Amino acid sequence: MALKLIWHGHGTWSLHTEDHKILIDPFFSGNPAADVSADEVEADTILLTHGHGDHVGAKGDGTYDIVDIAKRTKAHVVTIYETANWLSAHGVEEVTGMNLGGTLKLPFGSVKMTLALHSNGLPDGTYGGMPTGFVVEAAGRKIYFAGDTALFSDMKLIGDIVLDAAVLPIGDLFTMGIEDSIRAVKLLQPKHVVPGHFNTWPPIEQDATAWASKVRHETNATPHVLTPGQTFDLH
Ligand code: NI
Ligand code: MN
């Protein structure tokens, strides 16, 4: 059974199995790269790596895409404990708070919460807990969503899990850039690697073709550069 990974621009992704629609870091309103709107995207599970405005879809008026989508779809939201409490306070009904190193079984498989080197203040100033990433196990495959992160050597430990694919930021400035993402691929050793968190705005513009060339020449992974709305089929 194929897994479909769809890029919605920036750090926003959908992962579809035959029966389930997993949405990661829903940022649609104000996302100039988004291929769909918060009103139409489908989800039964939402994974949130951290609560920055460009991951919860902060609209600037105290409302958030993630809250709207969770209420409309009744999706189950999974995130770090403190950010989960914040979502509950904003009226999201089905939320599970977890923490680093924990694994949660879900209808499609499981998610494991991983370390990310970043920050996690919520848009209204609330403390959001640690920033995170996820290893998603679905349809017999393991995919690592790094979230917003710098390079860290413990990526080697995450790679020991044996990853079918890794989704890594390459935009620089707020996360790893191209050079460090190549070092990350060497530590993670995924079969496939997909870049994100770039080209949304001028400060994080990157040459993804040059990145893909480096991946092919310097690592054992196969790069897959998507454009927003494009799907990568992981067989
Ligand atoms: Ni962030
Ligand atoms: Mn971000």
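None of these values were measured; they are calculated from a predicted model.

A.B. asks: Whenever I open this one, the sheet that holds strand β5 (residues 76-80) confuses me. Can you help?
C.D. replies: Whether parallel or antiparallel, the strands of a sheet pair through hydrogen bonds between backbone atoms. Reading across the sheet, the 7 strands line up as β6-β5-β4-β3-β2-β1-β14 and stay open at both edges, with mixed pairing between neighbours. This sheet does not close on itself; its edge strands, each paired only once, are β6 (95-98) and β14 (231-234). Taking the axes of each pair of neighbouring strands and ignoring which way they run, one obtains an average angle of 20° across the sheet. Pairing of strand β3 (residues 21-24) with strand β4 (residues 45-47), which is carried by 3 bridges, proceeds in the parallel orientation.

A.B. asks: Would you mind going over unusual backbone geometry with me for this structure?
C.D. replies: Unusually for a residue other than glycine, Lys74 sits at a positive phi of about 60°. Along the polypeptide, Lys74 turns up in the loop between α2 (65-73) and β5. Residue classification places Lys74 among the exposed residues on the basis of a relative accessible area of 61%. Of note in this structure, Leu173 is not a glycine but carries a positive phi near 65°. Looking at the secondary structure, you find Leu173 in the loop between β11 (165-169) and α5 (178-188).

A.B. asks: What am I meant to see in the coordination of the nickel ion (ligand 1) here?
C.D. replies: A four-donor tetrahedral metal ideally has 109.5 degree angles, and a six-donor octahedral metal ideally has angles of 90 or 180 degrees. Those donors, His50 (NE2), His52 (ND1), His118 (NE2) and Asp148 (OD), are the protein atoms that reach the nickel ion (ligand 1), and they lie 2.2 to 2.3 Å from it. Here the nickel ion (ligand 1) is ringed by 4 donor atoms whose angles at the metal span 90 to 177°, and the overall shape comes out irregular. The sequence motif formed by the donor residues of the nickel ion (ligand 1) is H-x1-H-x65-H-x29-D. Separation of the nickel ion (ligand 1) from the manganese ion (ligand 2) amounts to 3.2 Å, with Asp148 serving as a shared donor to the pair. With His118 in the loop between β8 (109-115) and β9 (132-138) and Asp148 in the loop between β10 (141-145) and α4 (155-159), this pair connects stretches of sequence that are 30 residues apart. Residue class for His118 comes out partly exposed when judged on its relative accessible area of 25%.

A.B. asks: Honestly, the pattern of salt bridges in this entry has me stumped. Any pointers?
C.D. replies: Here the idea is simple: oppositely charged side chains can pair when their charged atoms come close. Scanning the model with the defined rule gives 8 salt bridges in all. A salt bridge links Lys156 to Asp160; the shortest N-O distance between them is 3.0 Å. Take Lys156: its relative accessible area is 42%, and that puts it in the partly exposed class. Among the salt bridges present, the one from Lys186 reaches Glu218, with a minimum N-O distance of 3.7 Å. Highlighted residues: Lys186 in helix α5 and Glu218 in helix α6 (residues 208-218), separated in sequence by 32 residues. Residue Lys186 is classed as partly exposed on the basis of its relative accessible area of 40%. In this structure Glu218 comes out as partly exposed when scored by relative accessible area, which is 39%.

Basis of the calculations
- Residues numbered from 1 in each chain as written.
- Chains lettered and ligands numbered in written order.
- Predicted model: local features only at pLDDT ≥ 70, side-chain atom pairs only at ≥ 80, totals over all residues.
- Heavy atoms only, no water.
- Pairing = 2+ DSSP bridges.
- Helix = DSSP H or I, 4+ residues; strand = E, 2+ residues; numbered from the N terminus.
- Axes fitted to C-alpha atoms, helices over the stretch in contact; angles between N-to-C directions.
- Buried < 20%, exposed > 50% of the residue type's maximum accessible area, 1.4 Å probe, protein only.
- Donors = N, O, S within 2.8 Å, 3.2 Å for Na, K, Ca; no water.
- Tetrahedral: all angles 85-135°; square planar, octahedral: opposite > 155°, others 65-115°.
- Salt bridge = Lys/Arg side-chain N within 4 Å of Asp/Glu carboxyl O.

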